[in-house]
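Coordinate inspection notes
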Amino acid sequence: MIDYNITGAFLVGLMGAGHCIGMCGGLVGAFSSQLATTPGQNLFASKLKFLLTYNLGRILSYSLAGALVGGSASALGMLFDIDLYLITLRVIAGVMMIITGLYIAQIWSGVVQIERLGKFIWRFLSPLANRVVPIRTLRQAFVGGVLWGWLPCGLVYSTLTWAVASHSAQQGALIMLAFGLGTLPALLSAGAAANMLGQWVQKRAVRVVSGLILVLFGLQTLYIAIAQLN
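Since the model is a prediction, treat every value here as computed from it, not as a measurement.

Procedures and definitions
- Residues numbered from 1 in each chain as written.
- Predicted model: local features only at pLDDT ≥ 70, side-chain atom pairs only at ≥ 80, totals over all residues.
- Heavy atoms only, no water.
- Helix = DSSP H or I, 4+ residues; strand = E, 2+ residues; numbered from the N terminus.
- Buried < 20%, exposed > 50% of the residue type's maximum accessible area, 1.4 Å probe, protein only.
- Contact = heavy atoms within 4.5 Å.
- UniProt positions renumbered as here; feature names shortened; annotations may be inferred.
- Axes fitted to C-alpha atoms, helices over the stretch in contact; angles between N-to-C directions.
- Parallel < 35°, antiparallel > 145°, perpendicular 65-115°, else oblique.
- Nonpolar A, V, L, I, M, F, W, Y, C, P; charged D, E, K, R; others polar.
- Core = buried A, V, L, I, M, F, W, Y, C linked by side-chain atoms within 4.5 Å.
- Left-handed = near helix turned anticlockwise from the far one by under 90°.
- Arc of directions from axis to C-beta.

Turning next to the overall build of the protein chain. When its secondary structure is counted, the protein chain shows ten helices and zero strands. Walking the protein chain from its N terminus toward its C terminus, one meets helices and strands in the order α-α-α-α-α-α-α-α-α-α. Out of the 230 residues in the protein chain, the part that is buried amounts to 48%. Contacts spanning at least 24 positions in sequence make up 80% of the contacts within the protein chain whose residues lie at least 6 apart.

Here is the structure:
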């Protein structure tokens, strides 16, 4: 059986390449251009190692956030009528999936406004993130990835609502892991200056089809939630 939340999360990460590069690509490109290599060392291999380590930390933060919100939703479910509670969460997730699909299809960019919610948290984390720049070691790359994983991002917050609706720490972590893996090709290509993927996902037809698929996932989620009311 297809898990639409996990599939949708991966699709959002993959098709949100332009947004991801705008949010994190500059950071990745900045530190990858500053990496020192020893004589005889392959420059591409060296950069790739640092980029993978950085993205490992970033995806770990996403997964942790998914586990936290999914687990918290499960705990809160004990305080409310569980059926109505789960239906409410599914409705929120379905609506957010539709909004995200409209953003991917470049029809409506309302999801970007959600990024304002994370500016308060980033205000405390940004000084820590700045301390690891310039990144010279794998440890710095990993720590930097963990910290930058909390950058305010509308796509991350939207996907987190699906993790909440999963009502499970494990499922929430898997949803955000899928999202993180979806963003990986774009951010690796940003650092390695290989832009073929970025060009492909920015094609109008590809974005519209992918966005409409997400909208259908959202409508299906809403249908399930409404059917449970009957």
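Still more ground to cover, so stick around.
Further remarks concern the side chain of Thr 53. The residue Thr 53 is located in helix H3 (residues 43-76) in this model. Of the residues examined, Thr 53 reaches a relative accessible area of 17% and is grouped as buried. Residues in contact with Thr 53, not counting those within four places in the same chain, are Leu 138, Ala 141 and Phe 142.

To continue, consider the UniProt feature "transmembrane region" (unreviewed entry) in the protein chain. Feature annotation in UniProt places "transmembrane region" (unreviewed entry) on residues 59-80, 87-108, 145-165, 171-193 and 205-226, given in this structure's numbering. Within the segment residues 87-108, helix and strand shares are 82% and 0% respectively, and the terminal C-alpha atoms sit 26 Å apart. Between the C-alpha atoms that bound residues 145-165 there is a distance of 26 Å. The span itself is 76% helix and 0% strand.

Running from N to C, helix H1 (residues 4-15) and helix H7 (residues 154-166) point in directions that differ by 175 degrees, and their axes come no closer than 10 Å. Judged by the inter-axis angle, H1 sits roughly antiparallel to H7. For the pair H1 and H7, contact is made by Asn 5, Gly 8, Ala 9 and Val 12 and by Leu 155, Thr 159 and Trp 162, respectively. Considered class by class, the residues forming the contact of H1 with H7 number four nonpolar, three polar and no charged.

The next point concerns the nonpolar core. Judged by nonpolar contacts, the single largest core of 33 residues is most densely connected at Leu 155, Val 156, Trp 162, Met 176, Phe 179 and Leu 214. A total of eight residues in this core trace back to one element, the largest contributor, which is helix H4 (residues 82-104). Core analysis: the next-biggest nonpolar cluster, separate from the first, contains seven residues, Tyr 54, Ile 135, Ala 141 and Trp 148 among them.

Next up on the list: the packing of H1 against helix H10 (residues 204-227). Each pair of packed helices can be summarised by the angle the axes make with each other and by the distance between the axes. Remark: H1 packs on H10, axes separated minimally by 10 Å, with the N-to-C direction vectors making an angle of 155 degrees. Here H1 lies roughly antiparallel to H10, going by the angle between them. The handedness of the crossing between H1 and H10 comes out as left-handed. Within the contact between the two elements, H1 uses Tyr 4, Thr 7, Gly 8, Leu 11, Val 12 and Met 15 and H10 uses Val 206, Arg 207, Ser 210, Ile 213, Leu 214, Phe 217 and Gln 220. Taken together, the residues that form the contact of H1 with H10 break down as eight nonpolar, four polar and one charged.

Once that is clear, we can look at the environment of Leu 222. Here Leu 222 is to be found in helix H10. Along the backbone, Leu 222 and Thr 88 are 134 residues apart, and their C-alpha atoms lie at a distance of 9.8 Å. Excluding anything up to four places from it in sequence, Leu 222 contacts Val 91, Gly 94, Val 95 and Ile 98.

Moving on, we come to helix H6 (residues 138-148). Residues Ala 141, Gly 144, Gly 145, Leu 147 and Trp 148 constitute the buried set of H6. Down the axis of H6, the buried side of the element spans an arc of 165 degrees, and every buried residue falls inside it.

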